[in-house]
Amino acid sequence: MTDDSYVFEGPAEPAAPRDNNPPLSISELSFALKRTLEDRFGHVRLRGEISKVNRHASGHVYLTLKDDKACIDGVVWKGVVRGLGVRPETGLEVIVTGKITSYPARSSYQIVIESMEAAGAGALLAQLERLKAKLHGEGLFDPARKQPIPAFPAVVGVITSPTGAVIRDILHRIAERWPCRVVVWPVVVQGDAACGQVANAVRGFDAMRPDGPIPRPDVVIVARGGGSVEDLWCFNDEGLARTVAAARIPIVSAVGHETDTTLIDFVSDRRAPTPTGAAEIVTPVLADLRAAVADLDRRLARAGGRLLEDRRTRLRAAARGLPARPEDLLALPSQRLDHAGSRLASGLHRNLAVHERQLITAAGRISPALLAQRLDRARDRLGHAGQRLGAGLSANVAAHEARLARTAHRLSPAPLHRRLDQRAARLDALADRLVPTLSRRLDREETRLAALSRALASLNPKTPKPGFARVETPDGVMIPAAAGLHPGQDVRLVFADGARGARIAGGDAPAEPPARPRPAPRPKAPPPGQGDLF
């Protein structure tokens, strides 16, 4: 190559500087982190509580493990699910073994679980079970205390978040089924402040008056959408549960989905599986009611028509059985009455003749001789009875006289005199013992009375002891305590030998000087036989 072959085209381009720190792509960094995590944490063993479980249609199980400070996502592949020691359930505390990996599409790390074993019930669910048992023991879950839901509410109260799909679903469903007034009390439904706001809303609805500016709801819905156990935990608060149980308005709980259960579901008057289901529970279907009323109206008209037609037919049949003239109804009974009246006189005469013949027959059998015979027989029986009675009375009197004689022989005054003498001697002895006993008892009581009189005289505030004084008002009313005195008050000091006037100067009495500490005791001298170490 010769010099003529070069063509001048300007200055040459400078070479690009070499970069010592080339940039990485997102994918390169994500997969580098993935390899690092899998190499460093290829086998780990974790203990935690399962928070939420999602069983995918593919057969894989996605869940979250947590403790009181952190949580980690986990995945169980379809082939491993069958070999797990326990079935993953929300709230179950487990010990899992697997490897840590990352999911580059979301820049998150997770554990691929290879084995799982139970480690006990979760702390939150264990606490919930204890609280549930406590409230159940107090009778808050008793079905007898639950109030019925009104069939046709005029006002429905809703306690939920003002934003979100829940309130829109409830309003749409109520407007579609039973157009009525809906009063919404907006609250937060997640976090620490949720339980307090929901409890205040329940108390606020319960305190409303039917004639107030905002009408009192006939039924209240407490609603929230689905979520994890942590998201719904505010509805397991004890204070909120007691507030719902004490409410006078029927309350329907609609917290979470059908599989979610919270504490207020047990104390509320009715539980709905979803917020939309709560709207269906508290409201009837207006179209169905109208159709039912129309059907009842048609049935009433048909039944009334059939009844009128039946009565009309019966009336026609009864009319066909009547004669042409009303007098024909009484013709046959009148004829029978006439025949009976004509036979009545002859019948009475025949009856009288029959009774006369019977009387004559009976009188023939009755004669004075027959009566006399009966009287004689009665007199004979009476005489025999009198004779037997006299003999019996004589025998009875003789028996009683003999018994009285035997008893009289056993009764003599000597035993009675002996008993009287014994009682008299005993009475004399008791009288001899009673006199000295009464004298000694009277002496003791007199001595005791004198001592009590001396003690009473010494304790009488009206006669103070020497060195003591009684504080009185100028008109003689005793002041028993320092609380009854005030500065500048005139008082009267009563001593044992007289009284003097005084005035209260004011101020509290000086405090007593603190007691001087006792000197420490001197150490005892060692016994003579023991030497001194120093």
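All of the points below concern the structure found in this document. Predicted model, so just to flag it, every value in this text is computed and none were measured. (Residues numbered from 1 in each chain as written. Predicted model: local features only at pLDDT ≥ 70, side-chain atom pairs only at ≥ 80, totals over all residues. Heavy atoms only, no water.)

Considering the pairing of strand E9 (residues 251–255)
Turning to step 1, where the next piece is worked out: Most of E9 is tucked away, with five of its five residues classed as buried.
Turning to step 2, where the next piece is worked out: Covered by surrounding structure in E9 are Ile251, Ser253 and Val255 together with Val252 and Ala254, the residues of both alternating faces.
Turning to step 3, where the next piece is worked out: Relative to E9, strand E8 (residues 219–224) runs parallel, the two sharing five bridges. Among the inter-strand pairings, Val220 is bridged to a residue of E9, identified as Ile251.
Turning to step 4, where the next piece is worked out: A crossover links E8 with its parallel partner E9, the connecting element being helix H6 (residues 238–246), and its sense is right-handed.
Turning to step 5, where the next piece is worked out: Relative to strand E10 (residues 270–271), E9 runs parallel, the two sharing two bridges. (Buried < 20%, exposed > 50% of the residue type's maximum accessible area, 1.4 Å probe, protein only. Helix = DSSP H or I, 4+ residues; strand = E, 2+ residues; numbered from the N terminus. Pairing = 2+ DSSP bridges. Right-handed = clockwise from strand over helix to strand, strands pointing away.)

Topic: the packing of helix H4 (residues 165–177) against helix H8 (residues 275–282)
Turning to step 1, where the next piece is worked out: Interhelical geometry of H4 versus H8 gives an angle of 30° and a closest axis separation of 8 Å. Classified by the angle between their axes, H4 and H8 sit roughly parallel to one another. The crossing of H4 and H8 is right-handed. Of the residues in H8, those touching H4 at Val166, Asp169, Ile170, Arg173, Ile174 and Arg177 are Pro275, Thr276, Ala279 and Glu280.
Turning to step 2, where the next piece is worked out: Of the residues in the contact of H4 with H8, the class split is five nonpolar, one polar and four charged. (Axes fitted to C-alpha atoms, helices over the stretch in contact; angles between N-to-C directions. Parallel < 35°, antiparallel > 145°, perpendicular 65-115°, else oblique. Left-handed = near helix turned anticlockwise from the far one by under 90°. Contact = heavy atoms within 4.5 Å. Nonpolar A, V, L, I, M, F, W, Y, C, P; charged D, E, K, R; others polar.)

What to know about the sheet that holds strand E13 (residues 499–503)
Turning to step 1, where the next piece is worked out: The three strands are arranged E11-E12-E13 in an open sheet whose pairing can be described as antiparallel. Lying at the two open borders of the sheet, with one neighbouring strand each, are strand E11 (470–472) and E13. In this sheet, adjacent strand axes meet at a mean angle of 30° when their direction is disregarded.
Turning to step 2, where the next piece is worked out: Across three bridges, the pairing between E11 and strand E12 (residues 490–494) is antiparallel. Within E12, the residue paired with Arg470 across the bridge is Val494.

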